[in-house]
Amino acid sequence: MARKQSDYLKELLSSEPDGPATPPAAERVRPTTLLSRESALARVQSGQTRQVTQHLLDPARVRVWPGNARIYAQLNEQNCRELIDSIIAEGGQKVPAVVRRVTDDPAYDYEVVAGTRRHWSVQWLRNHSYPDLRFLAQVANLDDEAAFRLADLENRARQDVSDIERARNYASALTLHYDGKQKRMAERLRVSPGWLSKMLQVANIPDNILAAFSSWHDVQLKPAYNLARALGNTDVAERIAVAATRLAQEQAEARKQGHEGPSASEVMRRLLHAAQNDAASMNEAPIEIRSALGRVAMSVQSVNRQGITVRLHTGAGADTDEYLSGLKDILERLRASGKIF
């Protein structure tokens, strides 16, 4: 696996930057090795140490590329405190970011592809007693799709990038870089199509639902995928939204009083409970059709304005006539109960 990551990384960073190799006079330059980086990009094992050039840049002349998963506006002193302290203790930033040159905006010379927190922390320190601190970066020649893959590779090793941030980043990249082709995107990122599909569904969870959680970082992929699937039904989504509004109010009240609100697991439990269909919420017996062998062959999953969802169970030993007869029985029972007309 390490070897594959190494090949992937070398593919992304193999090209030299466009334009002259010499940086502007205001920048100080020092050589180092790519493998000295203490991030996910540095821990890959390659068979050869490659010399690269790193620049000490003015962070004010460096913008943040919007294609990165991390949301720059959500960074603050609290969630960057450990990194800030590390930069102070080590006498400067030791792990270089990856940037690329900017040609479309006279206000900037570069933009950050990987290293958003490092950029924010250096900026903060320059505004708080360290005005001469510089932003350490490696300049790479990357198009948007390659920049996205590089940023994604680094973010995978970072726990402070939430699944929601990554999911939304993937959804945007699918349109921008891969023409909506999930299979192609999975191949380029070297992830499984099934996993990518789940991430893309999670990206559809709206902000008003996420407000039920104390933080986006509490929302994990597996339960979020179940929630995203439930939100696909209009009636169910309405019930979940009502529950989410109530939970968001509880979270706000808890923050006001200085204590923790409902946990992520409790929030998810309550949201998914709200997603249950009306029959389930009233503890009504589910409608099931059994085969001649006594096994469940069909069951009603939900009944709402969008339609009826009936599950056909494999391994029940039912033949075609039994399924057809069972469907007729289900419709008659639903009509008799007043659920359909």
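Fair warning: this is a prediction, and the values are worked out from it, not measured in the lab.

Novice: An account of the packing of aromatic side chains is requested, with residue identities and associated values reported.
Specialist: Under the criterion given, the structure shown has three aromatic pairs. Note on phenylalanine 148 and tyrosine 170: the rings are 6.0 Å apart at their centroids and 75° apart in plane angle, and the pair reads as edge-to-face. Of this pair, phenylalanine 148 sits in helix 4 (residues 144-155) while tyrosine 170 sits in helix 5 (residues 163-178), placing them 22 residues apart in sequence. When its relative accessible area of 1% is taken as the criterion, phenylalanine 148 is described as buried. What makes tyrosine 170 buried here is its relative accessible area of 0%. Each ring, one from tyrosine 170 and one from tryptophan 195, has its centre 5.9 Å from the other, and the planes form 70°; the classification is edge-to-face.

Novice: Now, about the side chain of glutamine 251: what can you tell me, with residues and values included?
Specialist: Turning to its location among the elements, glutamine 251 is positioned in helix 10 (residues 234-257). Judged by relative accessible area, which is 1%, glutamine 251 ranks as buried. From its side chain, glutamine 251 meets the backbone oxygen of proline 262 in a polar contact 3.1 Å long. Sequence-distant contacts of glutamine 251, defined by excluding residues within four places in its chain, comprise Ala211, Ala212, Phe213, Ser214, Gly261, Pro262 and Val267.

Novice: Lay out the pairing of strand 5 (residues 110-114) in plain terms, naming residues and giving numbers.
Specialist: For a regular strand, the rule is simple: side chains alternate between the two faces of the sheet. Of all five residues that make up strand 5, five are buried, and the element is covered over most of its length. Pairing of strand 3 (residues 62-64) with strand 5, which is carried by three bridges, proceeds in the parallel orientation. Bridged to arginine 63 within strand 5 is glutamate 111. Strand direction decides the pairing type here: strand 4 (residues 97-101) and strand 5, joined by four bridges, are antiparallel.

The rules behind these values
Residues numbered from 1 in each chain as written. Predicted model: local features only at pLDDT ≥ 70, side-chain atom pairs only at ≥ 80, totals over all residues. Heavy atoms only, no water. Phe/Tyr/Trp six-rings, centres within 6.5 Å; stacked < 30°, edge-to-face > 60°. Helix = DSSP H or I, 4+ residues; strand = E, 2+ residues; numbered from the N terminus. Buried < 20%, exposed > 50% of the residue type's maximum accessible area, 1.4 Å probe, protein only. Polar contact = N/O pair within 3.5 Å; in protein donor to acceptor, adjacent residues only side chain to side chain. Contact = heavy atoms within 4.5 Å. Pairing = 2+ DSSP bridges.

Remember that the coordinates give geometry; whether it matters functionally is a separate question.
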